[in-house]
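# Reading the structure
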Amino acid sequence: MDGLRFDKLRVLVVDDNQHMRKLIITVLQAVGVRDLFEAPDGEHAWKTLRETNPDIIILDWQMDGMTGLEFASLIRNSPRSPNVYVPIIMLTGHTHLDHVRQARDAGVNEFLAKPVSVKAILSRLINVIEHPRQFVRTKTYFGPCRRRRAVAAYTGPERRTEFTLVD
Amino acid sequence: MAINDNARIFMPPISLKAKVGSPTGTLMVDPDVLKKAETAMENLRHEFSGWLAKDIEALANAFSVFAKSPTADNAGVLFRAAHDLKGQATTFEYPLIARVAASLAKLMDGMTSWDASPLPLVAAHVDAIAVIHRERIKDISNRTALVLAEELEGRVVKTLAKASQ
């Protein structure tokens, strides 16, 4: 079968747990990803990101020092970020709705909840490839659109009703 | 590109679909690739118990430091160690360790002051995790471990309720 060319992907895996990094990297290597980079914390990840400019980042939430949320926010908002649009898949043991909201507000594209499986990893990868999210820029937020689909009867907070910094 | 008075909405300029999609345009995952990845994960399984042992050791070390000096910083280190186990133990085939670690993470996260630190309850969680691993209890329906997990969870609920009064 003529499938997705994972061998063309560049992926950065950021997790302070070396075993979880090894597991994710092993799965990615097995599906054909060749350009794999890893970092144990946000500081190293930032350096690696600027040196390698990956296509996708798989990022742990809970890390010593800079958290995954802070790192995601840095990627989206820093003028020194090499790619403010890079898809971020957040790896986390947090599954409460509040945590999902926090991650979305930091500019995360997808959630990969622990425990992880091969199918879950691939499903998130395919989602960021096949269904790229629109980006939104408002005065207080820059990142993937936090509304998954258009809802005519949307009744949530209207966070876009702000002055906008249009380039 | 959509522009309104309040937000600028647009598609990112970089398309991974164009980069990774096959020449025929299909976005399917080759079933052989999926099988290869499952096999790679399977081949790692013999390492899972050893990996978990190191994570449990890190938890025990964090607890040892916290027991001597129950500061907010040391509580944070212990919380992260418990949270790591909560997330990883099921992947590494010990779901009941994940459950007990989740209970410990809840306790560490919920305590606002460590002046009246429930150290024995924290210690009981750390010990329970060590025992479940030592006895290689991977079965989520193991009666003894289940009772232990439920007891710990119940005590955490009571402790947090008391702490919030």
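Just above, that's the structure.
The structure contained in this document is the topic of the report that follows.

Moving on: the overall build of chain A. Helix and strand counts for chain A come out as five helices and seven strands. Starting at the N terminus and walking to the C terminus, you meet the elements of chain A as β-α-β-α-β-α-β-α-β-α-β-β. Counting across all 167 residues of chain A, residues that qualify as buried make up 56%. Residue pairs in contact within chain A that sit at least 24 positions apart in sequence constitute 62% of those at least 6 positions apart.

Further remarks concern the sheet that holds strand 5 (residues 110–113) of chain A. Residue and element names in this part refer to chain A. If you trace the five strands from one edge of the open sheet to the other, you get 2-1-3-4-5, paired in parallel fashion. The open sheet is flanked by strand 2 (35–39) and strand 5, the only strands paired with a single partner. Each strand axis lies, on average, 20° off the axis of its neighbour in the sheet, ignoring direction. As paired strands, strand 1 (residues 10–14) and strand 2 are joined by five bridges and run parallel to one another. Across the sheet, the residue bridging to Leu 12 is Phe 37, located in strand 2. Sheet strands in contact with helix 1 (residues 18–31) are strand 1, strand 2, strand 3 (56–60) and strand 4 (88–92), and its direction is about 175° off that of strand 2.

When the charged atoms of two side chains lie near each other, side chains of opposite charge can form a pair. Residue and element names in this part refer to chain B. Under the defined criterion, the tally for this structure stands at 16 salt bridges over all chains. Among the ionic pairs, Glu 93 bridges to Arg 45, the shortest N-O distance being 3.0 Å. Placement of Glu 93 in the loop between helix 3 (72–88) and helix 4 (95–110) and of Arg 45 in helix 2 (residues 31–68) is noted, with a sequence separation of 48 residues between them. The partly exposed category is assigned to Glu 93, whose relative accessible area is 23%. Between Glu 151 and Arg 155 there is a salt bridge, with its nearest N and O atoms 2.7 Å apart. Of this pair, Glu 151 and Arg 155 both sit in helix 6 (residues 143–163), four residues apart, which is roughly one turn of that helix. For Glu 151, a relative accessible area of 40% corresponds to the partly exposed category. By relative accessible area, which is 47% here, Arg 155 ends up partly exposed. Through salt bridges with shared partners, a single network forms among Glu 42, Arg 45, Glu 93 and Lys 138.

At the interface, 55 residues of chain A touch 47 residues of chain B. Counting the surface lost from both chain A and chain B, the interface buries some 4700 Å², and carbon and sulfur atoms represent 66% of this. At the surface where chain A touches chain B, the tally comes to three salt bridges. Of the charged contacts, one joins A:Asp55 and B:Lys19 as a salt bridge, the two residues approaching to 2.8 Å between their closest N and O atoms. In this assembly, chain A and chain B are joined by 10 residue pairs in polar contact (both at pLDDT 80 or more). Among the secondary structure elements, those contributing two or more residues to the side of chain A that touches chain B are helix 1, helix 5 (118–130) and strand 6 (135–137) of chain A. The class makeup of the residues in the side of chain A that touches chain B is 26 nonpolar, 13 polar and 16 charged.

Let us look at unusual backbone geometry. Residues and elements named next belong to chain A. Here the residue pair Lys 114 and Pro 115 is connected by a cis peptide bond, since its omega of 5° sits within 30 degrees of zero. Tracing the chain through its elements places Pro 115 in the loop between strand 5 and helix 5. In this structure, Asn 53 takes a positive phi of about 45° despite not being glycine. Within the element layout of this structure, Asn 53 appears in the loop between helix 2 (42–52) and strand 3.

Criteria and thresholds
- Residues numbered from 1 in each chain as written.
- Chains lettered and ligands numbered in written order.
- Predicted model: local features only at pLDDT ≥ 70, side-chain atom pairs only at ≥ 80, totals over all residues.
- Heavy atoms only, no water.
- Helix = DSSP H or I, 4+ residues; strand = E, 2+ residues; numbered from the N terminus.
- Buried < 20%, exposed > 50% of the residue type's maximum accessible area, 1.4 Å probe, protein only.
- Contact = heavy atoms within 4.5 Å.
- Pairing = 2+ DSSP bridges.
- Axes fitted to C-alpha atoms, helices over the stretch in contact; angles between N-to-C directions.
- Salt bridge = Lys/Arg side-chain N within 4 Å of Asp/Glu carboxyl O.
- Buried area = accessible area lost by both parts, 1.4 Å probe.
- Polar contact = N/O pair within 3.5 Å; in protein donor to acceptor, adjacent residues only side chain to side chain.
- Nonpolar A, V, L, I, M, F, W, Y, C, P; charged D, E, K, R; others polar.

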